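Fold and geometry: a report
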Amino acid sequence: MAIQYKEIVPWGRSYEEYISMFNLSEKDLDKSILGCGDGPASFNTVMYQKGKKMISIDPIYSLTAEEIEKQIKATYQNVLIQTQQNKEKFIWNEIESVEELGQIRMSAMKSFLSDYEKGKVQNRYIPAELPNLPFENKQFDLVLCSHFLFLYTNNLTVDFHIQAINEMLRIANEVRIFPLMDVNSSRSIYVDEVLSRYTDLGYCAKEVQVNYEFQKGGNKMMVIF
Ligand SMILES: C[S@@+](CC[C@H](N)C(=O)[O-])C[C@H]1O[C@@H](n2cnc3c(N)ncnc32)[C@H](O)[C@@H]1O
């Protein structure tokens, strides 16, 4: 049975996963970074612990920590059950089992939740959503978008993808998007159209291999600048 999400679920990856998914170098980490659709990921939390301030946006940041925790609990079993039923679409090396996947994700999300209220006061977690963001032109060096665009190909139109990428390019010098796969580990049907659109517009738009692969074949990010 194919994986199907009626809605875009709050599900959070770790700092280490962000580093690998986006090929982030020490130099990159000193740039001014915006995470789009960061949800309950712990990248911002650990960046802050390391003395590096970044900003994350997500519509769920209009909720309280308790409300987000409730949403995570409500989707947790569904994500793990669908992953178990589609185990062959993932690579079980670094993460060895669905149980371990649950533990790793929950640990990242708990870390986020413990930082969330403080981070909101510090304007590190800002409630906002693509394709309209409350930032100045070229305010950031780098925008990262993890597990939102392309992954939710069945939920979001290609026009939405274009509007979202236009907005990210408005506010930043460089955009990196991971993965290029949909939820069923097939290359998103939007990838080629997006690459040729931004190439035709004069951007450098390319697929770059990264040192991260959990969805089978999902070891590439898109870079546009
Ligand atoms: C699967 S989670 C990924 C979270 C995180 N980026 C990661 O990789 O662990 C997808 C996130 O996209 C967020 N989202 C939904 N609609 C959005 C929009 N229009 N703009 C930005 N983020 C959105 C959801 O709230 C959710 O937190």
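Residues numbered from 1 in each chain as written. Predicted model: local features only at pLDDT ≥ 70, side-chain atom pairs only at ≥ 80, totals over all residues. Heavy atoms only, no water.

Some remarks on the overall build of the protein
The test is simple: Put simply, DSSP H or I for four residues or longer makes a helix, DSSP E for two residues or longer makes a strand, and each gets a number counted from the N terminus. Only protein chains enter the accessibility calculation, which uses a 1.4 Å probe. A residue is then buried if its area is under 20% of the maximum for its type, exposed if over 50%, and partly exposed in between. In what follows, residue pairs with any heavy atoms lying within 4.5 Å of each other are defined as contacts. Every accessible area reported is derived by Shrake-Rupley at a probe size of 1.4 Å, with residue values counting cover from the shown protein chains alone.
Across its full length, the protein holds seven helices and seven strands. Secondary structure elements of the protein occur, N-terminal to C-terminal, as α-α-β-α-β-α-α-β-β-α-β-α-β-β. With respect to the principal axes defined by its C-alpha atoms, the protein has extents near 45 × 40 × 30 Å. In the protein, which comprises 225 residues, the proportion classed as buried is 56%. Long-range pairs, those at least 24 residues apart, make up 73% of the contacts in the protein between residues at least 6 apart in sequence. Summed over its atoms, the accessible surface of the protein is roughly 10600 Å², and 48% of this surface lies on carbon and sulfur atoms.

Some remarks on the side chain of Thr75
Inspection of the secondary structure assignment puts Thr75 in helix α4 (residues 65-85). Note on Thr75: relative accessible area 15%, which makes it buried. Leaving out residues up to four positions away in the same chain, Thr75 has contacts with Val9 and Pro10.

Some words on the pattern of salt bridges
Rule in force here: Every case where a carboxyl oxygen of Asp or Glu lies within 4 Å of a side-chain nitrogen of Lys or Arg is listed as a salt bridge.
The tally for this structure, following the rule as stated, stands at 11 salt bridges. One salt bridge in this structure joins Arg105 and Glu17, with 2.9 Å as the shortest N-O distance. Within this pair, whereas Arg105 is found in helix α5 (residues 98-121), its partner Glu17 is found in helix α1 (residues 15-21), the two being separated by 88 residues in sequence. Take Arg105: its relative accessible area is 1%, and that puts it in the buried class. Glu17 gets classed as buried once you look at its relative accessible area, which sits at 9%. For the salt bridge of Arg187 with Glu207, the shortest nitrogen-to-oxygen distance reads 3.0 Å. You can see Arg187 sitting in the loop between β5 (172-178) and α7 (191-200) and its partner Glu207 sitting in strand β6 (residues 205-209), a full 20 residues away along the chain. Look at the salt bridges and you will find they share partners, linking Asp28, Lys31, Glu174 and Arg176 into a network.

Shape descriptors only; they carry no functional weight alone.
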